[in-house]
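Topology and contacts: notes
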Amino acid sequence: MKNDGSAAHGLTRGEAKEENAMIDLAKELKDVQSVAIAGHIRPDGDAIGSSLGLYHYLKKNYPEVEAAVYLENIPRAYHMISGVDEVRHEIPREIDCDLFFCLDCADEHRLGAAGEFRKKAKKTVCIDHHISNSGFGDVDYIVPDASSTSELVVRILDEEKIPLEAAEALYMGIVHDTGVFRHSCTSPDTMEMAARLMRRGIDGSKIINATYYDKSYQQRLIHGKALLESSLLKDGRVIFSYVQRETMDFFGVDTSDLDGIVETLVGTYGVEVAIFFYETEPGVYKVSMRSKSLVDVSRVAQSFGGGGHVRAAGCTMKGTACDVLNLLLPQIEQQLEEKDRD
Ligand code: AMP
Ligand code: MN
Ligand code: MN
């Protein structure tokens, strides 16, 4: 198998921790009574899929372990995934947790309120594929060239013991982070994992349509508006659009309804980088960037305190929309010029 974790060695804190060796789940669960699972704030398909996939697997195969998933509000598109109604949104005041699984989360800060588990659980296992993750668990399994955290979770499970609900959630997670097996992070291993999950009996087509493609009319309208108002910059190599809070209010949509806009933008002829941002509160913007093949947008995002992957990254920035764009563009331009010179 291509990804045995060793590829990630140079990116972690380094010392003699057991990080990035394949996790032995049975060993980690020995003498463990309580497990908490959490993913990053504003959870996406991979954070939700990997968390619920692991949860269903533990429930089925380790019934003696008390497991719970903690995630922020889950967008409607994912409500067909089994176990969403069991996800907890409040962090307990008193935390008594033997083992904490931190999934799909590039840094501690991105855990939001669930960061308390990192502080108070007896042990933290961090499973992730963000290149910007420097490793903050007691045990880290970080593989930047894996398609998704869901793919990494599949690797640590005993395939024969994956229940249908877990297979559905994990397949959904892989589907989302690969953009339905389309992004460059999709490897032969990814396809093999997906095939194995399909063999557990899932309805892949239904999962893809319901969680990825189906949108509400309001979502279609705001997507249309963002596309209509997009601008081409830098000789058509950069495309940019943004949505203000008042526009979201007008259309009656929330931030998760804007998912997918940046992917559509980057698929424009001639475009190398797409920038899309929306206002989370006055003067604060959540930035999403996507790159086709030349620019490392993770580097750009990291320089503003964010992170992600080479081809998909994000950060939060303050100022006017104009300020945000003007801060991002020089770095992107510089990387494009470097590539032009190569
Ligand atoms: P997004 O544009 O929000 O879909 O994010 C693209 C990728 O970058 C995802 O893998 C995110 O988890 C990651 N990402 C987005 N925002 C941040 C951030 N502020 N810090 C670290 N990683 C981020
Ligand atoms: Mn994610
Ligand atoms: Mn992910």
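Bear in mind the structure is a predicted one, so any value in this text is a computation, not a measurement.

**With respect to the environment of Val324**
- Within the secondary structure, Val324 is located in helix H12 (residues 321-341).
- Taking the C-alpha atoms as reference points, Val324 and Val287, separated by 37 residues in sequence, lie 8.6 Å from one another.
- Ignoring sequence-local partners within four residues, the contact set of Val324 consists of Phe277, Tyr285, Val287, Met317 and Lys318.

**Here's the deal with the domain arrangement of the protein chain**
- Examined at the domain level, the protein chain breaks down into domain 1 (11-213) and domain 2 (217-341).
- Summarising the inter-unit geometry, the C-alpha centres of domain 1 and domain 2 are found 27 Å apart.
- In this assembly, 11 residues from domain 1 lie in contact with 17 residues from domain 2.
- Carbon and sulfur atoms make up 47% of the surface buried where domain 1 meets domain 2, a total of about 940 Å² over both sides.
- When residues of domain 1 are sorted by the area they lose upon contact with domain 2, Arg42, Ile131 and Ser132 head the list and together hold 44% of the total.
- Across the domain 1-domain 2 interface, the total number found is zero salt bridges.

**Some details on the sheet that holds strand S5 (residues 139-142)**
- Across the sheet, five strands lie side by side as S2-S1-S3-S4-S5; this open sheet has parallel pairing. Of all the strands in the sheet, the pair left with one neighbour each is strand S2 (66-70) and S5. Ignoring strand direction, the axes of neighbouring strands in this sheet form an average angle of 15 degrees.
- As paired elements, strand S3 (residues 99-103) and strand S4 (residues 123-128) share five bridges and run parallel to each other. The residue bridging Leu99 from the neighbouring strand is Lys123, located in S4.
- The strands that helix H2 (residues 45-61) touches are strand S1 (34-39), S2 and S3; relative to S1, the one it contacts most, it runs at about 165 degrees.
- With respect to the sheet, helix H4 (residues 149-156) is in contact with S3, S4 and S5, its orientation differing from that of S4 by roughly 120 degrees.

**Re the coordination of the manganese ion (ligand 3)**
- Taken together, Asp46 (OD), Asp104 (OD), His129 (NE2) and Asp177 (OD) make up the protein donors of the manganese ion (ligand 3), found 2.1 to 2.2 Å from the metal.
- The manganese ion (ligand 2) is placed at 3.6 Å from the manganese ion (ligand 3), the two being bridged by Asp104. In this pair, His129 sits in the loop between S4 and S5 while Asp177 sits in helix H5 (residues 164-177), placing the two residues 48 residues apart along the sequence.
- The class of His129 is buried, set by a relative accessible area of 1%.
- Among the residues examined, Asp177 registers a relative accessible area of 18% and is labelled buried.

**What about the sheet that holds strand S6 (residues 231-233)?**
- The six strands are arranged S6-S7-S8-S9-S11-S10 in an open sheet whose pairing can be described as mixed. Edge positions in the open sheet fall to S6 and strand S10 (307-308), since each of these has one partner strand only.
- Packed on one face of the sheet, H12 meets S6, strand S7 (238-243), strand S8 (273-281), strand S9 (284-291) and strand S11 (312-318) and runs near 155 degrees to S8.

**What about the site of ligand 1?**
- In the vicinity of ligand 1, 13 residues are found, and the nearest of them are Arg110, His130, Lys286, Ser288 and Arg290.
- At 2.9 Å from an oxygen atom of ligand 1 is found a side-chain nitrogen or oxygen belonging to Arg110.
- With the chains in place, 85% of the 480 Å² that ligand 1 exposes on its own is no longer accessible.
- Secondary structure elements with two or more residues in the shell around ligand 1: S9, S10 and S11.
- Of all the elements, S11 adds the most residues to the shell around ligand 1, at four residues.
- Residue composition of the shell around ligand 1, by class: three nonpolar, seven polar and three charged.

Definitions and limits used
Residues numbered from 1 in each chain as written. Chains lettered and ligands numbered in written order. Predicted model: local features only at pLDDT ≥ 70, side-chain atom pairs only at ≥ 80, totals over all residues. Heavy atoms only, no water. Helix = DSSP H or I, 4+ residues; strand = E, 2+ residues; numbered from the N terminus. Contact = heavy atoms within 4.5 Å. Domains from an automatic or database assignment. Buried area = accessible area lost by both parts, 1.4 Å probe. Salt bridge = Lys/Arg side-chain N within 4 Å of Asp/Glu carboxyl O. Pairing = 2+ DSSP bridges. Axes fitted to C-alpha atoms, helices over the stretch in contact; angles between N-to-C directions. Donors = N, O, S within 2.8 Å, 3.2 Å for Na, K, Ca; no water. Buried < 20%, exposed > 50% of the residue type's maximum accessible area, 1.4 Å probe, protein only. Near = heavy atom within 4 Å. Polar contact = N/O pair within 3.5 Å; in protein donor to acceptor, adjacent residues only side chain to side chain. Areas by Shrake-Rupley, 256 points an atom, 1.4 Å probe, with all protein chains shown as cover. Nonpolar A, V, L, I, M, F, W, Y, C, P; charged D, E, K, R; others polar.

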